[in-house]
Amino acid sequence: MVTYCKVVHMFSNTASAPRFDRIFSLTLIILIGLAVIFLVDGNPNTLRIVLGGDLPTISLAWFLVGSLAAITSAGADLLARAHPQVQTRTFVAVKLGPLTFEIAPSFWILPSFGVVGSFAFFRLFSDRLDGTAFALALATAGSSLLIILIAQHYLLDRSPVLSQRAQVVLQLLGYLMAFGIFSAIYYTRYRTLYSASLIGGTALLIAYALLANPTRTNALPLSLLVGLIMAEVTWAINYWSTTFLIAGTLLLVVFYLAVSLLHSMSGGQLSRRLLLEYSLLGLVMFVAIVYTTLQLN
């Protein structure tokens, strides 16, 4: 609640207030669904699909999480297109025969990943933390969804100050979600073919959500490049024996550097000084992670 109040206060100068009734209703529905999914996943007799060979086993809970993510995306899309200043934003036009309608895919990604990431990450601690992991997952999913939907509302505001603040909030949450999902994927120790595809796809989608804006038309190619970089980094990390939290941190650092560098480069803001700062940051973080890994081993 404190975090929510801070976010509202940060954007309190705008003339267009979010539809809090719709945002709270959507968040409540998602939390109820996520609670049911945790109960289903905790049942040892839950249906699990074994694909055979070295393919990963898929539990029923993941299908339910996917359905919940789809509901979240649909709600976020409706909230975005109901914005009073929506005419300032260019959405993606989809044609189905004589019908043409607009969708807002960049507004789907972070809300849905807030749900998926919370479930995937805190599920890893369910054996050790029991009910605490369940409570943390619900708290994280609920607070992140509230903040994202509010920030996405102000991202469409005509005021550059409000829009920039919203972008900063979304970037911070996007990186946190990336860390949680990267860590959860590495934890499974899937073959590189699967883990690299999952991490690369996740990086592509989150990067697109962070890079897409009305003035940037090359967000998709840049996001594809980020996804390719992360898939290649995953291939290298899979040969490195470390914990899933350290691996997730390293993947997050690479993801942050890739998105930041491409964002600056596409905006014509990449200077020698900025490139040196990012290089030093990456080097320091890499050395710190390697040192921590050696100490643990």
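Calculation rules
Residues numbered from 1 in each chain as written. Predicted model: local features only at pLDDT ≥ 70, side-chain atom pairs only at ≥ 80, totals over all residues. Heavy atoms only, no water. Helix = DSSP H or I, 4+ residues; strand = E, 2+ residues; numbered from the N terminus. Buried < 20%, exposed > 50% of the residue type's maximum accessible area, 1.4 Å probe, protein only. Contact = heavy atoms within 4.5 Å. Core = buried A, V, L, I, M, F, W, Y, C linked by side-chain atoms within 4.5 Å. 1 Å grid on protein atoms, 1.4 Å probe; cavity = no way out; pocket = protein on both sides within 12 Å on 5 of 7 lines; lining within 4 Å. Points joined across faces, edges and corners; volume = space filled by probe spheres on them. Nonpolar A, V, L, I, M, F, W, Y, C, P; charged D, E, K, R; others polar. Phe/Tyr/Trp six-rings, centres within 6.5 Å; stacked < 30°, edge-to-face > 60°. Axes fitted to C-alpha atoms, helices over the stretch in contact; angles between N-to-C directions. Parallel < 35°, antiparallel > 145°, perpendicular 65-115°, else oblique. Left-handed = near helix turned anticlockwise from the far one by under 90°. Expected span 1.5 Å × (residues − 1). Patch = residues over 30% accessible without salt bridge, like charges linked within 9 Å, V, L, I, M, F, W, Y side chains within 5 Å. Areas by Shrake-Rupley, 256 points an atom, 1.4 Å probe, with all protein chains shown as cover. Salt bridge = Lys/Arg side-chain N within 4 Å of Asp/Glu carboxyl O.

**A word on the overall build of the chain**
Phase 1: In terms of regular secondary structure, the chain is built from eleven helices and four strands.
Phase 2: Here the chain holds 297 residues, and 46% of them are scored as buried.
Phase 3: Contacts in the chain between residues at least 24 apart in sequence constitute 72% of all its contacts with a sequence separation of at least 6.

**Considerations on the environment of Leu225**
Phase 1: Structurally, Leu225 is set in helix α9 (residues 219–237).
Phase 2: For the pair Leu225 and Ala258, spaced 33 residues apart in sequence, the C-alpha separation works out to 8.8 Å.

**A look at unusual backbone geometry**
Phase 1: For Arg189, which is not glycine, the phi dihedral falls at a positive 55°.
Phase 2: Among the structural elements, Arg189 can be located in the loop between α7 (160–188) and α8 (192–211).
Phase 3: Note on Arg189: relative accessible area 47%, which makes it partly exposed.

**Quick word on the nonpolar core**
Phase 1: Formed by 78 residues in total, the largest nonpolar core has its most connected members in Leu34, Leu110, Phe182, Val226, Met230 and Phe255.
Phase 2: Looking at this core, the elements that each hand over two or more residues are α2 (20–41), α3 (60–81), α4 (109–122), α6 (131–155), α7, α8, α9 and α10 (244–266).
Phase 3: Examining the composition of this core, we find that 13 residues originate from one element, α6, more than from any other.
Phase 4: Dropping the residues within four chain positions of it, Met230 is found in contact with Phe182, Ile199, Ala203, Leu251, Val254 and Phe255.

**Describing empty space enclosed by the protein**
In this approach, a probe sized like a water molecule rolls over the atoms, and the result shows the empty space that is left.
Phase 1: What the rule picks out here adds up to one cavity of 30 Å³ or more.
Phase 2: In this structure, the largest cavity is lined by ten residues; those nearest its centre are Ser106, Gln152, Leu155, Leu170 and Ala209.
Phase 3: Broken down by secondary-structure element, the contributors of at least two residues to the lining of the largest cavity are α6 and α7.
Phase 4: Of the residues assigned to the lining of the largest cavity, the class counts are six nonpolar, three polar and one charged.

**Quick look at the packing of aromatic side chains**
Phase 1: In the structure shown here, the tally under the stated rule is 13 aromatic pairs.
Phase 2: When the ring of Phe121 is compared with that of Phe179, the centres are 5.9 Å apart and the planes differ by 50°; the resulting orientation is tilted. A residue pair is termed long-range when its members are at least 10 positions apart, and Phe121 in helix α4 and Phe179 in helix α7 qualify at 58 residues.
Phase 3: For Phe121, a relative accessible area of 14% puts it in the buried group.

**A closer look at the packing of α2 against α6**
Phase 1: Interhelical geometry of α2 versus α6 gives an angle of 155° and a closest axis separation of 10 Å. Here α2 lies roughly antiparallel to α6, going by the angle between them. Here α2 runs over α6; the crossing is right-handed. Side by side, α2 and α6 meet where Phe20, Ile23, Phe24, Leu26, Thr27, Ile30, Leu31, Leu34, Ala35 and Phe38 of the first sit next to Phe134, Ala137, Leu138, Ala141, Gly142, Leu145, Leu146, Leu149 and Ile150 of the second.
Phase 2: Along the lines of polarity and charge, the residues of the contact of α2 with α6 split into 17 nonpolar, two polar and no charged.

**Looking at the side chain of Ser73**
Phase 1: Position of Ser73 relative to the elements: it lies in helix α3.
Phase 2: Every residue in contact with Ser73, bar those within four places of it in the chain, is listed here: Trp108 and Ser112.

**So, α7**
Phase 1: In this model α7 runs 42 Å from its N-terminal to its C-terminal C-alpha over 29 residues, within 8% of the 42 Å that 1.5 Å per residue would give.
Phase 2: Positioned one or two residues after α7, Arg189 has a phi angle of 55°, which is positive.

**A short note on a nonpolar patch on the surface**
Phase 1: Where nonpolar side chains cluster on the molecular surface, the patch consists of Leu28, Ile32 and Val36 and spans about 280 Å² of accessible area.
Phase 2: With respect to the helices, strands and loops of the structure, Ile32 is situated in helix α2.

**Some words on the packing of α9 against α10**
Two packed helices can be described by the angle between their axes and the distance between those axes.
Phase 1: Contact pair α9 / α10: the axes reach a minimum separation of 10 Å and the direction vectors enclose 155°. Of the possible angle classes, the one that applies to α9 and α10 is roughly antiparallel. Crossing hand, α9 versus α10: right-handed. Residues Leu222, Leu225, Val226, Ile229, Met230, Val233, Thr234 and Ile237 of α9 lie in contact with α10, whose contacting residues are Ala247, Leu250, Leu251, Val254, Phe255, Ala258, Val259, Leu262 and Ser266.

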